[in-house]
Structure formats: C-alpha cells, structure tokens
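Report on the structure
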Amino acid sequence: MVKTPSQTFPYTVLLTRPEKDSISLGETIQKEGVRVISNPLLRITNVPISAPFQLPAAWILTSRYAVNALKDLEPDHTKLIFTVGQPTETICRNAGFINIIAGDGHAQSLLEIIEAYIPNSFGPIMHLSGDVVRYDLAKHLQTKGYDASRLVAYESQPILSFHEQTIDLLKAEEFTHMLFFSPRTAAIFSSLIKKHFLEKSLHRVCAIGMSHDVVAELKTLTWGRQIVTKDPQGALLENIGKE
C-alpha cells in the first residue's frame, strides 16, 4: 500500500479485511487519490479436508473463503448452492458453478430463503464455513427438520495488535474513513482500540459498516459518523466525492 506523507492526501482510509481482499479493494480506492492503509484483522488459513462420504444435495457458503474447498470437493457444477450474498455468488460463478441462489448478505435471511426454496425432504445440505460462525445455519436448519451439517473449510485467527503504522496514524488522528465488512472484524477492531488506549482517536472518523450487525460492534467507540450500507466501497467513494 502507498506510504506517501499524509499532507499529500485529503483522505486516509483504513481497510480491515484479510490481506487478499484488501489488495484489490485498496487498488480501486487509491485511483481516487486516497491514501489507503491496510491492517487485516483476521488471518485466513485453509483447512485440508477430503470429500464427505456422501456429497450433499446442496451447499451453503457464507464466505468467499469457502469457495476453494467447494471447488475441490464438488465435481458437479450444476449442484444447488446457496450463498450469503452477491460477492460470494460471483466467485462461485467464476469458478464454474451455475445453480446459485444468493442472499442479501445476512445468514439469518439466507435461512428464510433456503426454507422457501427447498423442502426439508430435499436431501443432505452441507454448510462450508470457517471455524467460527456467528449464526449456525446447519443447527437452525436441523430444528426445521432438514438433514443439515457443517464442514469447516478454513480457520480465521484474530490479529493481536495493530501495525505500528496504524497506531501512529491513529495517534495523529490522520484517518478520515474506516471500512468494516463483518461483525467479527469490527469487534476485533474495537478491542484493539481499547487495548492500545486509542479511544479518543476516532472522533473525526467516518466508520462505514456493511450491516447493522457490523456497526453494532462499533457502538462502544466515539465516531465522527457511522454509515450502514451493503456497499462500503461505493459509500466511501460517494462520501469523499461530496466533501
């Protein structure tokens, strides 16, 4: 990421997504003349898995990080797949899968979609997920009579400290915007802010969260503004264009 002195830029944006996601996002934002600082708050590691004894009749994916496992496990590209949102759907389609139903970005609403689309007699359903889930879809589906189970495809370990550059910029109150895409990363951020005693560094910062659940994890901190949107990148570019 660019490390040019801040006086060259009117805006400094913090990205908190895992490294691979932040690279492509940061490149897009930098084209607008914005300084971008990437400080991933989760470290993603794929978990080696072998195909289940019986492949399911349908898959559930609540993260893009499960797509690699899906490609390894499922040879039938016409198999029914439910994704939590459009970004994961796009990655699945790029991987060759064609029978995909996408939710609106929330696991709870995806449960309603699954119930409306297939009966509980449909057959086995497998949720490919990380080791930590906020909402256990398989367990909830089981209570509705579905043959549902969960298979861990990756692990996500929280980062224990901010980068030194991030701490320096926080102390100098140079950040203008911060993007948050998941409740877990927002919670980790809040915890680290308190760990480093930096609660007073955010009073001019605009926090942009992907959902109300994300922003709820930031409520204990004092922000200049908070924005809830399904498209944090778009909201950021629109926001800086008005200032």
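Residues numbered from 1 in each chain as written. Predicted model: local features only at pLDDT ≥ 70, side-chain atom pairs only at ≥ 80, totals over all residues. Heavy atoms only, no water.

Here we take up the nonpolar core. In this structure, M178, F180, F189, L202 and W223 are the most contacted members of the largest nonpolar core, which totals 24 residues. Where this core is concerned, the elements lending two or more residues are α6 (164-171), β9 (177-180) and α7 (183-195). Residues within four places of W223 in sequence aside, it is in contact with M178, F180, F189, L202, H203, V205, A207 and L218. Grouped together as the second largest cluster of nonpolar side chains are 18 residues, I101, L111, I118 and I125 included. (Core = buried A, V, L, I, M, F, W, Y, C linked by side-chain atoms within 4.5 Å. Buried < 20%, exposed > 50% of the residue type's maximum accessible area, 1.4 Å probe, protein only. Helix = DSSP H or I, 4+ residues; strand = E, 2+ residues; numbered from the N terminus. Contact = heavy atoms within 4.5 Å.)

The terminal C-alpha atoms of helix α1 (residues 19-30) lie 16 Å apart, and with twelve residues this matches the ideal 16 Å at 1.5 Å per residue to within 8%. Taken as a whole, α1 has its buried residues at D21, S22, L25, G26 and I29. Mapping the buried residues of α1 onto a view down its axis gives an arc of 120 degrees, with all of them on the same face. (Expected span 1.5 Å × (residues − 1). Arc of directions from axis to C-beta.)

Our focus in this paragraph is the confidence of the model for the protein chain. Within the protein chain, residue pLDDT values average 91, and 95% of them lie at 70 or more. A low-confidence stretch, residues 1-6 stays under pLDDT 50, and its non-local contacts, those more than four residues away or across chains, total 18 contacts. (pLDDT = per-residue confidence, 0-100.)

Next up on the list: the pairing of strand β8 (residues 148-158). Examined bridge by bridge, strand β3 (residues 42-46) and β8 share five bridges and lie antiparallel to one another. Its bridge partner being in β8, N46 is matched across the sheet by Y154. Taken together, the six bridges between strand β7 (residues 125-130) and β8 define a ladder with parallel strand orientation. By the bridge assignment for β8, H127 is matched with R150. (Pairing = 2+ DSSP bridges.)

Okay, the layout of surface pockets next. Quantified by volume, the largest pocket comes out at close to 1,400 Å³. In this structure, the largest pocket is lined by 46 residues; those nearest its centre are T62, V84, G105, F181 and S182. Looking at which element gives the most residues to the lining of the largest pocket, the answer is helix α3 (residues 86-94), with four residues. Partitioned by chemical class, the residues of the lining of the largest pocket number 18 nonpolar, 19 polar and nine charged. The computed volume of the second largest pocket comes to approximately 370 Å³. What lines the second largest pocket is a set of 18 residues, and nearest its centre among them are P18, E19, K20, I44 and Y65. Mapped onto the lining of the second largest pocket, the elements with two or more residues apiece are α1, β3 and α2 (67-73). Of all the elements, β3 adds the most residues to the lining of the second largest pocket, at four residues. (1 Å grid on protein atoms, 1.4 Å probe; cavity = no way out; pocket = protein on both sides within 12 Å on 5 of 7 lines; lining within 4 Å. Points joined across faces, edges and corners; volume = space filled by probe spheres on them. Nonpolar A, V, L, I, M, F, W, Y, C, P; charged D, E, K, R; others polar.)

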